[in-house]
Amino acid sequence: MNWNLLFILSVSIFAFSIVIMIIFGFIRNRYYHTFHEDEMIKSTKTINTVNKLYFTYGETTRFIKKYVVCKSAVDKYVIVNYNKEFENISFFILCYGLFKRPFKVFKYSEKNTGVSSQLIVIPRRTKFINVVICSADNQTINYNVIKPLSLRRIKLYSLFVSLLTFSGLLAIRHLLAITICGNYIALSFMNSYENYLIIILSFVLALVVFFVTNISFKKKNKKNLSGGAVEYEFL
């Protein structure tokens with residue numbers, strides 16, 4: 001067997017898998033709600049903060065009509081104004097970056113509210129937010145804002161993760177053999193039963209990674225469908 005050719009093939013598969021995962025983003029978050037540019041009512045400045053007051057939109061306005069985003073020298077936070085006092089209320093805060101792409105979702109819950117929420121800290125790099133109602137006084141409006149992953153995307157992600165594992169282990173095995181043993185002894189090792197055993201074990205590990213990843217994301221999907229706040233990776 002041409003082991004150098006196998007090494008080049010392994011590196012190529014490793015690089016190809018990374019590129020495909022980045023391009024297609026199999027586990028990238030997808031949302032039920034698209035970005036909405038909320039109407040700003042006013043902007044005020046104090047000695048320590050800049051405060052911007054906004055209207056909410058859609059079904060959220062039945063429960064929360066306004067919110068204020070406060071920015072100080074050290075942090076950024078949100079305060080929402082409730083339409084009335086609630087025994088319990090939950091809502092999502094979607095945080096968007098410079099190009100109006102979501103990068104973080106918070107689920108905030110409060111019991112026995114006043115007319116305003118407590119301070120809700122958000123990342124400083126947040127440029128825009130949307131507030132989406134989840135539930136109020138045990139009436140559920142939106143279970144979640146993050147769409148569950150399709151089984152096809154989960155399987156494709158699991159497949160490419162396992163390909164990364166297998167091809168990466170093959171490439172590392174080859175490099176270590178060359179580095180530690182040198183070319184001549186490495187060639188003898190490559191044709192040994194030990195080397196074939198390592199290849200078989202690498203393949204078995206890649207299969208384990210496939211099934212573990214597949215099961216893990218299916219469980220996350222179940223949590224997402226039941227209303228849990230799930231965050232996937234942004235690869």
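For the structure itself, consult the block above.
A brief look at the structure comes next. Everything numeric in this text was worked out from a predicted model, so none of it was measured.

Thresholds applied
Residues numbered from 1 in each chain as written. Predicted model: local features only at pLDDT ≥ 70, side-chain atom pairs only at ≥ 80, totals over all residues. Heavy atoms only, no water. Helix = DSSP H or I, 4+ residues; strand = E, 2+ residues; numbered from the N terminus. Rg over C-alpha atoms; globule rule 2.2 N^0.38 Å. Buried < 20%, exposed > 50% of the residue type's maximum accessible area, 1.4 Å probe, protein only. Areas by Shrake-Rupley, 256 points an atom, 1.4 Å probe, with all protein chains shown as cover. Lys, Arg positive; Asp, Glu negative; His and termini not counted. Charge placed at Lys NZ, Arg CZ, Asp CG, Glu CD. Pairing = 2+ DSSP bridges. Patch = residues over 30% accessible without salt bridge, like charges linked within 9 Å, V, L, I, M, F, W, Y side chains within 5 Å. Salt bridge = Lys/Arg side-chain N within 4 Å of Asp/Glu carboxyl O. Contact = heavy atoms within 4.5 Å.

## Quick look at the overall build of the protein chain
Each helix and strand in the protein chain was counted, giving three helices and nine strands. For the protein chain, the succession of helices and strands along the chain, N to C, is α-β-β-β-β-β-β-β-β-β-α-α. Taken over the C-alpha trace, the protein chain has a radius of gyration of 25 Å; the compact-globule value for 235 residues is 18 Å, which it surpasses by more than 25%. Viewed in the frame of its principal axes, the protein chain has a C-alpha envelope of about 75 × 40 × 25 Å. The buried share among the 235 residues of the protein chain stands at 41%. Accessible area for the protein chain stands at about 13900 Å²; split by element, carbon and sulfur atoms hold 63% of it. Between the mean site of the 29 positive side-chain charges and the mean site of the 12 negative ones, the protein chain shows a separation of 8 Å.

## Structural notes on the pairing of strand β5 (residues 88-96)
Here β5 lies mainly inside the structure; nine of its nine residues are buried. Neither face of β5 is exposed, since Asn88, Ser90, Phe92, Leu94 and Tyr96 on one face and Ile89, Phe91, Ile93 and Cys95 on the opposite face are all buried. Relative to strand β6 (residues 102-111), β5 is paired through nine bridges, and the arrangement is antiparallel. In the strand pairing of β6, phenylalanine 91 is matched with tyrosine 108. What sits between the antiparallel neighbours β5 and β6 is a turn of five residues, in which lysine 100 has the positive phi angle 60°. For β5 and strand β8 (residues 128-136), the ladder comprises eight bridges, and the chain directions are antiparallel. Note on β8: the bridge partner recorded for cysteine 95 is isoleucine 129.

## A short note on a nonpolar patch on the surface
The grouping of Ile200, Phe203, Val204, Leu205, Leu207, Val208, Phe211, Val212 and Ile215 at the surface amounts to a nonpolar patch, some 810 Å² of accessible area in total. What makes valine 204 partly exposed here is its relative accessible area of 40%.

## Quick notes on the side chain of serine 158
Along the chain, serine 158 falls in helix α2 (residues 151-190). According to the relative accessible area criterion, serine 158 is buried, its value standing at 0%. With sequence-adjacent residues up to four places away left out, serine 158 is seen in contact with Phe210, Thr213 and Asn214.

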